[in-house]
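Next come the chains, spelled out residue by residue.
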Amino acid sequence: MKDISVEELAKIVGTPEDKILSQMKEAGLNQTSASELVTDQDKKILLDFLKGQQGNVSKTISLKRKKPAESSVKQTTIAIKRKKAKTSGVEEDLKDDSKRIDFEEIEKKRLEGEEFKKSEEERRKRESEKKVSVKRAKPSQTVVKRTKPSVADKVIEKKKKVQKDKVVISKKELKELEGEEFLSKEEGKITEHRFEKPAEFVSKNVKVPETITVSDLAKEISIKSSEVVKKLMDMGVMATVNQTLDQDTAILLTEEMGHKAEPAQEELAEDKLDELVSYEGNQEPRNPVISVLGHVDHGKTTLLDTIRNSNVTSQEEGGITQKIGAYQTETKYGNMTFIDTPGHAAFSEVRARGANSTDIVILVVAADDGLQPQTEEAISHANAAEVPIIVAVNKIDLEGSDIERVKNELSSKELVPDDWGGNTQFIQVSALKGDGVDSLLEAVSLEAEVLELKAYHQGPAHGIVLDSSIEKGKGAVATVLVQEGTLEIGDMILVGEQTKKIRSLMDENSVSLKSAGPSVPVLISGLDLPPKAGEDFVVVTSEKMAKEISTERSKKAREAKLARQQITNLESLFDSEFTNTKTLNLLIKSDTYGSLEAILGSLKNFESEEVKLNVVHDSVGGINTNDVNLAMTTNSSIIGFNVRADSPSKKLAESESINISYYGIIYDLLDGVKEIIEGELEPEIKEEILGTAEVKDTFKSPKFGLIAGSMVIEGTIKVNQFVRVIRDDIVIFEGLLDSLRRFKDEASEVPTGTECGIGIENYSDVKVGDKIEVFDKKEIRRTLS
């Protein structure tokens, strides 16, 4: 593959030139301008560097704890051997120099220095006891009276003697041998500086933040930065003093150097979120929140329609629920909030979110269908959320219904009916006729009384986002469930990465509300973007602090997305250059965040070794010109789920031949994507043997070259088909049959037992006794298993 410039690489990965130049510099590459070329090896180095950064959004090095590799042990052993060799060399030098150095004289001088030091200490002690004042000299002078030769004089004499004998002894060696001490003057006082051997190693307790530079870590443990860099190299990490290390790597490095390390708790604006919400007074009773879970087409939404006296089922595409719904209903047992969840396999996360935000789960099981995969999944979600389950056995009026079978199957999942001595209530209902619905509501009411549900009604509201979308005339809207406090129009709300004022509140029937208390689902507007389903929201009083938190969240999300996108683009570039993997780029737009979440989760099951799915963009809302332009740039197919493109987008897509596919049911969408992937797979080649002929004689033709006079011994020989020449049961050539004659006439095919002349394209080494096998190649469309 030819080399490309830095500018071209920046366009491919979607990163500014200055940013990618900075990353290349940090990766150890030498490119400094956008016009310089980038080789394939440079691309690999850059990709490895960026992958190392993915665990941490900022430029970090990630290193897991592991045992030293054999190579590291070998390197350490070699280093020790070299050190020993070096030490032994020094010892040999000292042995040679011992002929000229009088060590006995040196030891004698050292002992004299220690005696002098001891006598000086005793003299100072006596003077201190007698309180004798010492007259000091002027600042410009240093007067020290000595009755004996000073240690400094001894050092000078020793140095002269050494120089005379032409032996060089370092200052450090003299300090160690003689216990040298100097007297100097600072600020009018005579101070003593002593040089001693280094003290024992002192282990420090270091608190390591989420990220720390090599130089800062060196300061924390009081060693040189070069020592830290050297240790990192020993651990297999190349880094500079300004390189940033992640927390795990820094802790491991600190412990490897003999110190103790622990993660530091950084003060973030996010940590102050609890300060924004406070409640006064006592908690008061609230209405129960009930999630309705179960397998697809077991009658969940029909049951809710009967409870609410509504007809939601008739409005659903394909007759199945594909988004989460929240309704508050007034019953004779009090107000209840119901959350309707989709039953399709793709909506697993939506069902989990419904179970986590509820007090009671109604598990709907069809009496004629029994336990199904999504039924088991719903049980798992409810158990994980520690929520009580009430089983509604639906469709009891249909032929083939078997209630005892349902009880047996659910008992195996630890849902033992109460009439069997268990703790789970089983209520038989018919959602269409309304039979047993009142008993079901009574069971829910009894369960709610046992739970004693309470919440703060006064104070700032907080809760969870159930789903979000974009509506015409309203912009971004979100369905939220209030869990504490009271939500009012005009409240400043912090949700996800945005802090906005609520413009309107509406219930499930689009009726405007002034406020919403605990356990009330409500549709809010006034947001910039649809928030992610499952995110918490909170009403804040300090707008400044709320914006700090949202800014922090936005920064983290933006850096994570940029790092992920850059690595994906680089991986796609390498896949196209070095492998046979094909990349299918998709741009997905959906009506709600929950549906988008389900689509993205299901697409992960379609990837194969030959075709890689790459979702270049996904969002909630209609298809616009920006989406089409992005699809043009990335060569992507656009998929719209329950959304449509506006007129300018349609015209642009038609003029640029951009494919836009619309779907209303999720399994139709998944089937469509599956067909696209299967179309990209290389077809399977299957061979079919048509016939075999044995060569009896050969002769040359001025027009066709060598002709093999043959007898068809099996099947039929056809012209313009693939052939193999077999000699002694070994295939020696494979080519194309381009001439077939019966006597002097051309023939399209020759049957068994007939003589013919066969000419093979670009082959003339046919001999008597060879067999010519004629076969056809058929392409079979491959499918995903």
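The rules behind these values
- Residues numbered from 1 in each chain as written.
- Predicted model: local features only at pLDDT ≥ 70, side-chain atom pairs only at ≥ 80, totals over all residues.
- Heavy atoms only, no water.
- Buried < 20%, exposed > 50% of the residue type's maximum accessible area, 1.4 Å probe, protein only.
- Helix = DSSP H or I, 4+ residues; strand = E, 2+ residues; numbered from the N terminus.
- Patch = residues over 30% accessible without salt bridge, like charges linked within 9 Å, V, L, I, M, F, W, Y side chains within 5 Å.
- Areas by Shrake-Rupley, 256 points an atom, 1.4 Å probe, with all protein chains shown as cover.
- Salt bridge = Lys/Arg side-chain N within 4 Å of Asp/Glu carboxyl O.
- Lys, Arg positive; Asp, Glu negative; His and termini not counted.
- Charge placed at Lys NZ, Arg CZ, Asp CG, Glu CD.
- Polar contact = N/O pair within 3.5 Å; in protein donor to acceptor, adjacent residues only side chain to side chain.
- pLDDT = per-residue confidence, 0-100.
- Contact = heavy atoms within 4.5 Å.
- Pairing = 2+ DSSP bridges.
- Axes fitted to C-alpha atoms, helices over the stretch in contact; angles between N-to-C directions.

Asks: I would appreciate a short explanation of the pairing of strand β10 (residues 289-294) in the present structure.
Replies: Walk down a regular strand and you will see the side chains alternate between the two sheet faces. Burial within β10 is extensive, with six of its six residues counted as buried. Burial of the side chains of β10 extends over both faces: V289, S291 and L293 are buried on one face and I290, V292 and G294 on the other.

Asks: Just checking my understanding: could you explain a negative patch on the surface for this structure?
Replies: A contiguous patch of negative charge on the surface is contributed by E7, E8, E17 and D18. Those elements that provide at least two residues to the negative patch are α1 (6-13) and α2 (17-26). Locating E17 in the fold gives a position in helix α2. Judged by relative accessible area, E17 falls into the partly exposed class, the value being 33%.

Asks: Help me understand the side chain of K300, please; the structure alone is not making it clear to me.
Replies: Relative to the helices and strands, K300 is located in helix α12 (residues 300-308). Lacking a salt bridge, the buried K300 has D340 as its closest oppositely charged neighbour, with an N-O distance of 5.8 Å. Of note is the side chain of K300, whose polar atom sits 3.0 Å from the backbone oxygen of H295.

Asks: What is the right way to read the confidence of the model for the chain from this model?
Replies: Interpretation of this model should avoid reading the predicted coordinates in detail wherever pLDDT is low. With 76% of its residues at a pLDDT of 70 or more, the chain shows a mean pLDDT of 77. When mean pLDDT is taken per element in the chain, strand β33 (residues 722-727) scores highest with 93 and helix α4 (residues 70-97) scores lowest with 40. The model gives residues 162-169 a pLDDT under 50, and that stretch makes nine contacts with residues more than four places away or in other chains. When the criterion is pLDDT under 50, residues 173-193 qualifies, and its contacts beyond four places in sequence or with other chains add up to 45 contacts.

Asks: Looking at this structure, how should I read the side chain of T499?
Replies: Topologically, T499 is positioned in strand β21 (residues 498-501). Ignoring anything within four residues of it in the chain, the contact list for T499 reads M492, I493, L494, A546, K547 and S550.

Asks: Which parts of the structure should I look at to understand the sheet that holds strand β17 (residues 462-471)?
Replies: Two pairing modes exist for strands in a sheet, parallel and antiparallel, and in both the strands are linked by backbone hydrogen bonds. Strand order across the open sheet formed by seven strands is β21-β20-β25-β17-β18-β24-β22, with antiparallel pairing between neighbours. In the strand order of this sheet, the two ends are held by β21 and β22 (504-506), each with one partner. The average undirected angle you get between the axes of adjacent strands in this sheet is 35 degrees. Strand direction decides the pairing type here: strand β18 (residues 475-484) and strand β24 (residues 521-527), joined by six bridges, are antiparallel. Paired with A476 across the strands is L527, a residue of β24.

Asks: Can you walk me through α12 in this structure?
Replies: In an α-helix, one turn spans 3.6 residues; hence positions three or four apart end up facing the same way. Counting buried positions along α12 yields seven of nine residues, so the element is predominantly enclosed. Within the sequence span of α12, burial applies to K300, T301, L303, L304, D305, I307 and R308. The inward-facing, buried residues of α12 contact β10, β11 (325-331), β12 (334-340), β13 (360-366) and α16 (437-451).

Asks: Quick question: what am I supposed to make of the sheet that holds strand β29 (residues 660-663) here?
Replies: With parallel pairing, the four strands of this open sheet are ordered in space as β27-β26-β28-β29. Only two strands of the sheet have a single partner each, and these edge strands are β27 (611-620) and β29. Across the sheet, the mean angle from the axis of one strand to that of its neighbour is 25 degrees, orientation sign disregarded. Relative to β27, strand β26 (residues 582-590) runs parallel, the two being bridged by nine bridges.

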